[in-house]
Number of protein chains: 2
Amino acid sequence: MPQPFELTATEAAKKMRQRDLSPVELVESLISRVDSLEPRLNAWVYLDREAVLADARDKEAELGSSTKLGPLHGVPIGLKDIYYTAGIPTTACSKVYADFVPDYDATTVSLLKQAGAIMLGKTVTTEFACMDPSPTINPWNPAHTPGGSSSGSAVAVATRMCPAALGSQTVGSVLRPASYNGVVGFKPTFGRVSRYGVIPVSWTLDHVGWMARSVADIALLLTVMAVPDSHEPITQRQPSSEFVSLNIMAGLESPPAPRIGVIRRFFYDHADRETCEHTDGVLEQLARAGAMVEDVTLPDSIDTAIEDQRVIMAVEGAAFHQANFERQPEDYQPGLREMLRRGLATDGPTYSRALERRQQFIAEMESLAEQVDVLLTPSTPTPALADLTNTGNTMFQGPWTSCGLPAITIPSGLAASGLPFGIQLIGGSFAEARLLGAASWCEKVLDVHLSPSVDG
Amino acid sequence: MPQPFELTATEAAKKMRQRDLSPVELVESLISRVDSLEPRLNAWVYLDREAVLADARDKEAELGSSTKLGPLHGVPIGLKDIYYTAGIPTTACSKVYADFVPDYDATTVSLLKQAGAIMLGKTVTTEFACMDPSPTINPWNPAHTPGGSSSGSAVAVATRMCPAALGSQTVGSVLRPASYNGVVGFKPTFGRVSRYGVIPVSWTLDHVGWMARSVADIALLLTVMAVPDSHEPITQRQPSSEFVSLNIMAGLESPPAPRIGVIRRFFYDHADRETCEHTDGVLEQLARAGAMVEDVTLPDSIDTAIEDQRVIMAVEGAAFHQANFERQPEDYQPGLREMLRRGLATDGPTYSRALERRQQFIAEMESLAEQVDVLLTPSTPTPALADLTNTGNTMFQGPWTSCGLPAITIPSGLAASGLPFGIQLIGGSFAEARLLGAASWCEKVLDVHLSPSVDG
């Protein structure tokens, strides 16, 4: 029998519904896990044990009395500390927001609560979900970066302190830490999930994303949060005809072997040899199991996409922070300070040309994704490096954030150094059902489940 | 029997197909019309009589021999001089582009040609489709502005020098001159028609649009040009499921009485008394004929939309013109020069915040439009004014260009001054079929057909 803290969200939800597990038991198991690991790992900034246990007791009572239970009934979820939580501090791990207590929940938080989830606590983010490293420790090796910016969420999920946690991705802030820590990380199509009530970095790039330990969990959270939101203009353009939940869950049941497009240019050019060899091995394994694997070619617009994304993030970050930054520049950390100075100094026409080139890039990447079921790349150029001065290289995630296509990383093995590898799968625009079906198929074939040794 | 030049595009196409009219006859009639009126009106910058007649003779031969004729076979169309025409000068009526001869056609021009249309010539635009008045004369009264920026196209269609002509709208450059000159003017949903090969003003605001003398003609041109274009990223997001042509033409056959939402705030506040009274009269007439007329309320985001649009246009205009403008600023006219200076001086964060507010405005306006079949406003605050120092007030068209919804103006009567009135109808996002159906219904009920007295 696994301990409750070891269960995935889907497993825990099922057990609770079958009355094989109580929400209180689960929360107590997770809290004791947090109590034993948190002093070494620094994954959390806020966890109100009494409030969470009270919520778990309510959920337990509802299990007995209510006939209409949400799909996440009793499941504890972690929240990166940029998600507004009514009455609970939301600091973005920044001095600038140190005293901020929102009076409403982010739309995603409301939707999770409506689905019955328990908000376990707030996880560490790099300051304002940007580049300056956070105090979170990589549980696989403390000398290596845990990645960023959603470092607390990734480490909490990897070490079984919670089954799933929300992060956010503006360049590579969900999939990179997920891959570094050996968990599944996902961001949906731009426009699929509301960002209302999430402290922004960059309004044309920010995505809500999340981590879990199975593709099924990722899908379950998507069905709960893929809802248009009148507070969030980007969600108004969702294809309304598709009944998202049913499609996604149906796609997971017995997904067909996918047609996989491998992108060697750019990704193989920038990955180290071990990562390339590992990825080739994964591709062979998937092909042997029946996947159709073919090479596809990145459009030339990739050449400007990275630098354009850098310009766009700086300008939009500055657009949000300008007033605070001009009042208290020294309260910002050095990396973010440099970015905001750069954004403030960028002229409108330069930013406009970057946005316009990106529009072309988006169209070309959407066409590329339509050639196959999923695109595949290594998730990161290398496993997490032994360098705590930065949160790692974002270039393998950035293009998919810039073009808005949905992307997922799944664990695929361990490097010689003992650190996790991941493969990144990318789907077509608003084609999450197909992407998650393919990811689920790959997950079954690879059958890699990673857990850092933190109990010693 | 009307003279050939008096025919609409739909009428002319039908007569030619029935062999009641030859393309050569039609072109000769239009050219003689141009020859008699152009010296007074300055609507054209380029018209190659021999080439057009040769094209007409080819079209005549095809009428006899070909079984597959395009829907615009033999119909002459005017092109605002910002549309790329292979081998033919495309000057934007600017010194900066005085010697520019493109080597390919704009996508729209290719599509019109494929549909059998004859490119009659290039019409006068204000410099680079911006604000400095053009030499075109208002055929209703030479002391009044003809509007801009598509002044030549509007005047050519109003005076029967061609049945239809392309313009473009970044703020109010199609519907305003169309209304001032008593013709039908239309711009589709942002993203519906390709702008590839059209000299830009502002990449997030520019729309292709056109003028004609009936809603049926407007619809016919839309069915030809509503095609996704791999060269034009904005057209990739068109709903692909809708078979545009059939829907639109079906909507015109016997359109039902529409549900009309009247917007009094902002529009009635800024229109003069005679325009308000005229619009109320139109509404009474439509209601008597069976339309359901109700008041709807503009969202508060209208308050910032006008100024934000001004910022966006200046920055994006500067993004395109920067290199030429820095080299030869004196070759730009004063209004445009001021705008480009302002755009170059605008910082990235200011422009970004304007774009972000606009995203909210778009979402709110799309919701507003979904409450009814069409929204209705006066097309302009006043008929064309006796002021040749500017091209008139754009504020009644600008909001629909900024939010990207499709809009049409149809002639609705004459003011005491003898100048035309128009009403503007606005449809839902990508709901052109419903909009044009409603416009066709209103056109039948109002039965207003205007023609300036230019033969005297």
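Residues numbered from 1 in each chain as written. Chains lettered and ligands numbered in written order. Predicted model: local features only at pLDDT ≥ 70, side-chain atom pairs only at ≥ 80, totals over all residues. Heavy atoms only, no water.

Trainee: Explain the relation of the copies chain A and chain B to me, please; I cannot follow it from the model alone.
Mentor: Copy one and copy two of the chain differ by a rotation about an axis and a translation along that axis. Under the fitted operation, chain A is carried onto chain B by 0.0 Å of movement along the axis and a turn of 180°, and the coordinates agree to an RMSD of 0.0 Å. Interpreted geometrically, this transformation is the action of a two-fold axis. (Least-squares fit on C-alpha atoms with pLDDT ≥ 70 in both.)

Trainee: So what exactly am I meant to see when it comes to the packing of helix 10 (residues 273–288) of chain A against helix 15 (residues 432–446) of chain A here?
Mentor: When two helices pack together, you describe them by how their axes are tilted relative to each other and by the distance separating the axes. Residue and element names in this part refer to chain A. Their axes nearest at 10 Å, the elements helix 10 and helix 15 cross at an angle of 100°. As judged from the angle between their axes, helix 10 and helix 15 are roughly perpendicular. Of the residues in helix 15, those in contact with Val282, Gln285 and Leu286 of helix 10 are Trp441, Cys442, Val445 and Leu446. Residues belonging to the contact of helix 10 with helix 15 are distributed by class as follows: six nonpolar, one polar and no charged. (Axes fitted to C-alpha atoms, helices over the stretch in contact; angles between N-to-C directions. Helix = DSSP H or I, 4+ residues; strand = E, 2+ residues; numbered from the N terminus. Parallel < 35°, antiparallel > 145°, perpendicular 65-115°, else oblique. Contact = heavy atoms within 4.5 Å. Nonpolar A, V, L, I, M, F, W, Y, C, P; charged D, E, K, R; others polar.)

Trainee: I would appreciate a short explanation of the sheet that holds strand 9 (residues 374–378) of chain A in the present structure.
Mentor: Two pairing modes exist for strands in a sheet, parallel and antiparallel, and in both the strands are linked by backbone hydrogen bonds. Residues and elements named next belong to chain A. Spatially, 1-3-2-4-6-5-10-11-9-7-8 is the arrangement adopted by the eleven strands of the open sheet, whose pairing is mixed. Each having just a single partner strand, strand 1 (44–46) and strand 8 (292–296) make up the two edges of the open sheet. Going from strand to strand, the sheet's axes swing by 30° on average, the running direction of each strand aside. Two elements, strand 2 (residues 76–80) and strand 4 (residues 164–169), share three bridges in a ladder whose sense is parallel. Each bridged residue has a counterpart across the sheet, and for Ile77 the counterpart in strand 4 is Ala164. On top of the sheet, helix 7 (residues 215–225) reaches strand 2, strand 4, strand 5 (184–187), strand 6 (207–212) and strand 10 (407–414); it is set at about 145° to strand 6, its chief contact. (Pairing = 2+ DSSP bridges.)

Trainee: Got a minute to help me understand the packing of helix 13 (residues 348–369) of chain A against helix 11 (residues 302–327) of chain B in this structure?
Mentor: For the pair helix 13 of chain A and helix 11 of chain B, the least separation of the axes is 8 Å and the interaxial angle reads 85°. The orientation of helix 13 of chain A with respect to helix 11 of chain B, classified from their angle, is roughly perpendicular. Of the residues in helix 11 of chain B, those in contact with A:Gly348, A:Pro349, A:Ser352 and A:Arg353 of helix 13 of chain A are B:Val315, B:Glu316, B:Ala318, B:Ala319 and B:Gln322.

Trainee: Please clarify how the pattern of salt bridges should be interpreted in this entry.
Mentor: Any two side chains of opposite charge can pair, so long as their charged atoms come close to each other. If you walk through the whole model with that rule in mind, you get 34 salt bridges over all chains. Between A:Glu432 and A:Arg192 there is a salt bridge, and its shortest N-O distance comes to 2.9 Å. Here A:Glu432, found in helix 15, pairs with A:Arg192, found in the loop between strand 5 and strand 6; they are 240 residues apart in sequence, far enough to count as distant. Judged by its relative accessible area of 1%, A:Arg192 is buried. Taking the shortest distance from any N to any O, the salt bridge between B:Arg357 and B:Asp308 comes out at 2.8 Å. Of this pair, B:Arg357 sits in helix 13 (residues 348–369) while B:Asp308 sits in helix 11, placing them 49 residues apart in sequence. By sharing partners, the salt bridges in this structure join A:Arg264, A:Asp280 and A:Asp295 into a single network. (Salt bridge = Lys/Arg side-chain N within 4 Å of Asp/Glu carboxyl O. Buried < 20%, exposed > 50% of the residue type's maximum accessible area, 1.4 Å probe, protein only.)

Trainee: Would you mind showing me how to read the interface of chain A and chain B here?
Mentor: In many reports, interface size means the accessible area that the parts give up when they come together. Contacts between the two partners involve 27 residues from chain A and, on the opposite side, 27 residues from chain B. Our count for the contact surface shared by chain A and chain B stands at zero salt bridges. Linking chain A with chain B are ten residue pairs in polar contact (both at pLDDT 80 or more). Those elements that provide at least two residues to the side of chain A that touches chain B are helix 11 (302–327), helix 12 (334–344) and helix 13 of chain A. The greatest single-element share of the side of chain A that touches chain B, amounting to twelve residues, is contributed by helix 13 of chain A. Of the residues assigned to the side of chain A that touches chain B, the class counts are eleven nonpolar, ten polar and six charged. (Polar contact = N/O pair within 3.5 Å; in protein donor to acceptor, adjacent residues only side chain to side chain.)

Trainee: Would you mind going over the packing of aromatic side chains with me for this structure?
Mentor: Geometrically, a pair of aromatic rings is defined through the distance of the ring centres and the angle of the planes. Residue and element names in this part refer to chain B. Here the structure, examined in full by the defined rule, presents 25 aromatic pairs over all chains. Seen in terms of ring centroids, Phe186 and Trp210 are 5.2 Å apart; in terms of plane orientation they differ by 65°. Their pairing is edge-to-face. Here Phe186 is found in strand 5 (residues 184–187), whereas its partner Trp210 is found in strand 6 (residues 207–212), with 24 residues between them in sequence. Overall, Phe186 belongs to the buried group, its relative accessible area being 0%. Each ring, one from Phe267 and one from Phe396, has its centre 4.9 Å from the other, and the planes form 70°; the classification is edge-to-face. (Phe/Tyr/Trp six-rings, centres within 6.5 Å; stacked < 30°, edge-to-face > 60°.)

Trainee: Mind showing me how you'd approach the layout of surface pockets here?
Mentor: The probe, sized like a water molecule, is rolled over the atoms to show the empty space still left. In this structure, the second largest pocket encloses a volume near 640 Å³. Lining the second largest pocket are 30 residues; nearest its centre among them are A:Glu356, B:Arg195, B:Val198, B:Pro200 and B:Trp203. Listed by contribution, the elements that provide at least two residues to the lining of the second largest pocket are helix 13 of chain A together with strand 6 and helix 11 of chain B. The biggest single contributor to the lining of the second largest pocket is helix 13 of chain A, with five residues. Tallied by class, residues from the lining of the second largest pocket come to 15 nonpolar, eight polar and seven charged. (1 Å grid on protein atoms, 1.4 Å probe; cavity = no way out; pocket = protein on both sides within 12 Å on 5 of 7 lines; lining within 4 Å. Points joined across faces, edges and corners; volume = space filled by probe spheres on them.)

Trainee: Even after reading the chapter, I still don't get the pairing of strand 7 (residues 259–263) of chain A, so can you show me in this structure?
Mentor: Consecutive side chains of a regular strand alternate in pointing toward one face of the sheet and then the other. Residues and elements named next belong to chain A. For strand 7, a buried count of four out of five residues is recorded, marking the element as mostly surrounded by other parts of the structure. Two strands pair when backbone bridges link them, and strand 7 and strand 8 are joined in this way by five bridges, in the parallel orientation. Bridge assignment links Arg259 to a residue of strand 8, and that residue is Met292. Note: strand 7 against strand 9, three bridges, orientation parallel. Of the residues in strand 9, the one forming a bridge with Gly261 is Leu375.

Trainee: How should I be thinking about the sheet that holds strand 1 (residues 44–46) of chain B in this particular structure?
Mentor: Residues and elements named next belong to chain B. An order of 1-3-2-4-6-5-10-11-9-7-8 is seen for the eleven strands of this open sheet, with the pairing classed as mixed. Each of the sheet's edge strands pairs with one partner strand only, and the pair in question is strand 1 and strand 8 (292–296). Each neighbouring strand pair of the sheet contributes to a mean axis angle of 30°, computed without reference to strand direction. Direction of pairing for strand 2 (residues 76–80) relative to strand 3 (residues 118–123): parallel, over a ladder of five bridges. Paired with Pro76 across the strands is Ile118, a residue of strand 3. Contacts from helix 5 (residues 151–158) reach strand 1, strand 2, strand 3, strand 4 (164–169) and strand 6, with the element oriented near 150° to strand 4. In this fold helix 15 (residues 432–446) packs onto strand 5, strand 7 (259–263), strand 9 (374–378), strand 10 (407–414) and strand 11 (420–426), with an angle of close to 5° to the strand it touches most, strand 10.

Trainee: What is the right way to look at the domain arrangement of chain A in this model?
Mentor: Residues and elements named next belong to chain A. Here the domain parsing of chain A yields domain 1 (4–299 + 364–446) and domain 2 (302–362). The C-alpha centroid of domain 2 is placed 25 Å from the C-alpha centroid of domain 1. On the domain 2 side, the residues contacting the 32 residues of domain 1 number 25 residues. A buried area of about 2500 Å², summed over both sides, lies between domain 1 and domain 2, and 59% of it is on carbon and sulfur atoms. Taken together, the connections running from domain 1 to domain 2 amount to one salt bridge. The interface formed by domain 1 and domain 2 includes 19 residue pairs in polar contact (both at pLDDT 80 or more). Only helix 13 and helix 14 (398–403) provide two or more residues apiece to the side of domain 1 that touches domain 2. If one sorts the elements of the side of domain 1 that touches domain 2 by residue count, helix 14 sits on top with five residues. Its residues assigned to classes, the side of domain 1 that touches domain 2 shows 20 nonpolar, six polar and six charged. (Domains from an automatic or database assignment. Buried area = accessible area lost by both parts, 1.4 Å probe.)

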